[in-house]
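# Working through the structure, step by step
Here's the letter readout for the chains.
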Amino acid sequence: MPEQPILANVTCSATRHPGVGRFGRQGANLELKGVSRQRPDSVLPMSGSQTQATDGGSFTISADYRGCPSCGADNVVRCSRCHQLACWDSSQPVFHCPSCGKSGPVTGVITRFSTLGGG
Ligand SMILES: [Zn+2]
Ligand SMILES: [Zn+2]
């Protein structure tokens, strides 16, 4: 039986368009497999659980990841203030959070984030 994908909100930092990221466990790491644009009329459950990489793993980007569906950014970061995930173009040294407006340099790695649904 295939493992249930892990879903989390990923907002586009360029267009602020909401998206849904799909993650899978890859050993100790949580791997981002893809992001789909959220349909404008769809409603996602807001309350989720925290998911966490284990054994020193972290959040990684799958080799199959095609980039942000809204702007094509090749990476995703989590805001240190509001803890929302958002796309980030790794050629940009500074991240601007689309959810709370914070901007700053990207540091560290993501090891946990909030998932969607009851998971
Ligand atoms: Zn984007
Ligand atoms: Zn933020």
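Scroll up for the structure.
These notes cover the structure that comes with them. (Residues numbered from 1 in each chain as written. Chains lettered and ligands numbered in written order. Predicted model: local features only at pLDDT ≥ 70, side-chain atom pairs only at ≥ 80, totals over all residues.)

When helices and strands are tallied, the chain shows zero helices and ten strands. If you list the helices and strands of the chain from N to C, you get β-β-β-β-β-β-β-β-β-β. In the chain, which comprises 119 residues, the share counted as buried stands at 27%. Within the chain, contacts between residues at least 6 apart in sequence are counted, and of these 54% link residues at least 24 apart. (Helix = DSSP H or I, 4+ residues; strand = E, 2+ residues; numbered from the N terminus. Buried ≥ 20, exposed ≤ 12 C-beta atoms within 10 Å, placed from the backbone. Contact = placed C-beta atoms within 7 Å.)

As a further point, take the pairing of strand E6 (residues 75-78). The sheet contact formed by E6 and strand E7 (residues 85-88) spans four bridges and is antiparallel. What sits directly across from Asn75, in E7, is Trp88. Two successive antiparallel strands, E6 and E7, enclose a turn made up of six residues, where His83 displays a positive phi of approximately 65 degrees. (Pairing = 2+ DSSP bridges.)

Moving on: the pairing of strand E2 (residues 18-26). One ladder, built from six bridges, connects strand E1 (residues 6-11) with E2; its direction is antiparallel. Bridge pairing in E2 places Asn9 opposite Val20. Connecting the antiparallel pair E1 and E2 is a turn made up of six residues, with Arg16 showing a positive phi of about 65 degrees. Pairing analysis gives eight bridges linking E2 to strand E3 (residues 29-37), with the strands arranged antiparallel. Bridged to Arg25 within E3 is Leu30. The turn joining E2 and E3, which pair antiparallel and follow one another in sequence, is formed by two residues; a positive phi near 65 degrees is taken by Gly27.

Next up on the list: unusual backbone geometry. In this model, Arg16 sits at a positive phi of 65 degrees, which is unusual for a non-glycine residue. In this fold, Arg16 is placed in the loop between E1 and E2. For Arg16, a count of 11 C-beta atoms within 10 Å corresponds to the exposed category. Positive phi, close to 65 degrees, is recorded for His83, a residue that is not glycine. The exposure class of His83 is partly exposed, given the 14 C-beta atoms found within 10 Å.

The values reported here are purely geometric and, on their own, carry no functional implication.
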